[in-house]
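# Architecture at a glance
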Amino acid sequence: MWPDKGTIKLLYRWGACTAPTTIEWYTANGFITEADYKELTGNDYTASTKED
């Protein structure tokens, strides 16, 4: 699946993806795991309670 974890990580480092909005969306939609989210952001992933 594209973008993959490596691409998302690169975009996050460049500031093109932000936490929690974009990175949270990638996690909620299965592009990265909750563990990947924590690795990238340093925070635990919490699923959004609102409908996207």
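The residue numbers shown here count from 1 along each chain, following its written sequence. Predicted model: local features are reported for residues with pLDDT of at least 70 only, side-chain atom pairs are reported and counted for 80 or more only, and whole-chain, interface and lining totals are derived from all residues. Calculation of side-chain values draws on the structure's entire complement of heavy atoms; hydrogens and water are dropped beforehand.

For the rest of this paragraph, the subject is helix H3 (residues 34-41). Each residue gets one of three labels from its accessible area relative to the maximum for its type: buried under 20%, exposed over 50%, partly exposed in between, using a 1.4 Å probe on protein chains only. The way it works is that DSSP assigns letters per residue, a run of H or I at least four long becomes a helix, a run of E at least two long becomes a strand, and they are numbered from the N terminus. Within H3, burial applies to Asp36, Tyr37, Leu40 and Thr41. The arc enclosing the buried residues of H3, seen along the axis, measures out at 115°, which places them on a common side. Those residues of H3 that are exposed and angled more than 90 degrees off the buried face are Glu34 and Ala35. Contacts are residue-level and defined by heavy atoms, with any inter-residue pair within 4.5 Å sufficient. Contacts from the buried residues of H3 go to helix H1 (5-14) and helix H2 (21-28). Positive phi appears at glycine 42, one or two residues downstream of H3, with a value of about 85°. An arc is given here, and it is the one of the directions from the helix axis to the C-beta atoms.

What follows is about the confidence of the model for the chain. A residue's pLDDT is the predictor's confidence in that residue, given on a scale from 0 to 100. For the chain, the mean per-residue pLDDT works out to 87, and 92% of the residues sit at or above 70. Across the chain, element-level confidence peaks in H3 with a mean pLDDT of 94 and bottoms out in H2 with 90.

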